Amino acid sequence: TDGNGCTNSATDNIEVFELPTVTFTAPADVCEDAGIIALTTGSPATGTYSGTGVSGTDFDPTTAGVGVHTITYSYTDENGCTNSATDNIEVFELPTVTFTAPADVCEDAGIITLTTGSPATGTYSGTGVSGSGFDPATAGVGTHTITYTYSDGNGCENSTTDDIEVFAKPTITFTAPTDAC
């Protein structure tokens, strides 16, 4: 309405677009040494991933670090409308594993029981190792590495090693004296 009391009007339309439907499911929880994991479940395609440990379409648990991390998948449609979906992935710490090999031994010492691996229920391996026993005679003379490997409830595995040296029996010679009365 102007100063003379004359009224007029104009109209125009505006369209409100629906946000795109975006979905994303994070990969299964992983151990920190799992290596690079490809992110592929974001939908619709051509969106972008973001979050701690995310680079392009990859998630690196080592870069992300131990803990729960949120990964976001964002998508912008042809109308310029953006929506996103998030999901969490947990990165588990590797178990702390310790092992001290028994003292160095002679090759004829007999089977030595390995007991110092921690946490318990891990496995021993190496030359001369069978189950939880080390046989110096089977291993032979020299320095041998024994590995202790442990896997925790999350399926994360770690190992450590220590060396044991097997010594040769000394070479002994003896000549009996000549026969005498």
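Throughout, a residue's number is its position along its own chain's written sequence, starting from 1. Per-residue local features of the predicted model are confined to residues with pLDDT of at least 70, and side-chain atom pairs are confined, for both listing and counting, to 80 or more; whole-chain, interface and lining totals are unaffected and use all residues. Note: side-chain values were computed over all heavy atoms of the structure, leaving out hydrogens and water.

## Considerations on the state of the cysteines
Quick note on the threshold: Whenever a pair of cysteine sulfur atoms sits within 2.5 Å, that pair is classed as a disulfide. Helix and strand assignments come from DSSP, with helices taken as H or I runs of at least 4 residues and strands as E runs of at least 2, each series counted from the N terminus. For each residue, the accessible area found with a 1.4 Å probe, counting protein chains only, is set against the maximum for its type, and the residue is called buried under 20%, exposed over 50%, and partly exposed in between.
Here the structure, examined in full by the defined rule, presents one disulfide. The partner cysteine of C31 in its disulfide is C156, sulfur to sulfur 2.0 Å. One disulfide, between C31 and C156, carries an S-S torsion of -100° and so falls in the left-handed class. Taken as a pair, C31 in strand β1 (residues 30–31) and C156 in the loop between β13 (142–151) and β14 (157–167) lie far apart in primary sequence, 125 residues in all. Per residue, the accessibility class of C31 equals that of C156, and both read buried.

## Brief notes about the sheet that holds strand β6 (residues 67–76)
Selection rule: In this scheme, strands are said to pair when DSSP sees at least two bridges between them.
What the four strands build is an open sheet, ordered β1-β7-β6-β3; its pairing is mixed. The two strands at the open ends of the sheet, each matched to only one other strand, are β1 and β3 (48–50). In this structure, β3 lies alongside β6, joined through three bridges in antiparallel fashion. The residue of β6 that forms the bridge with S50 is T72.

## Focus: the nonpolar core
The following threshold applies: For our purposes a nonpolar core is just a set of buried Ala, Val, Leu, Ile, Met, Phe, Trp, Tyr and Cys residues, chained together by side-chain atoms within 4.5 Å.
Counting 16 residues, the largest nonpolar core has F24, Y49, F59 and I71 as its most contacted members. Those elements giving two or more residues to this core turn out to be β6 and β7 (82–92). Core analysis: the next-biggest nonpolar cluster, separate from the first, contains 15 residues, V97, F99, V105 and Y150 among them.

## Side note on the side chain of T149
For the record, the criterion: Between two residues, a contact is recorded if the distance between any of their heavy atoms is within 4.5 Å.
Mapping T149 onto the fold places it in strand β13. When neighbours within four sequence positions are excluded, T149 is seen to be in contact with G122, T123, E157, N158 and S159.

## Digging into the sheet that holds strand β4 (residues 54–55)
Spatially, the three strands line up as an open sheet ordered β2-β5-β4, and their pairing is antiparallel. Looking at strand neighbours, the two that pair on one side only are β2 (37–38) and β4, the edges of this open sheet. In this structure, β2 lies alongside strand β5 (residues 58–59), joined through two bridges in antiparallel fashion. Looking at β5, one finds that I37 is bridged to F59.

Function-wise, these values are silent; they only describe arrangement.
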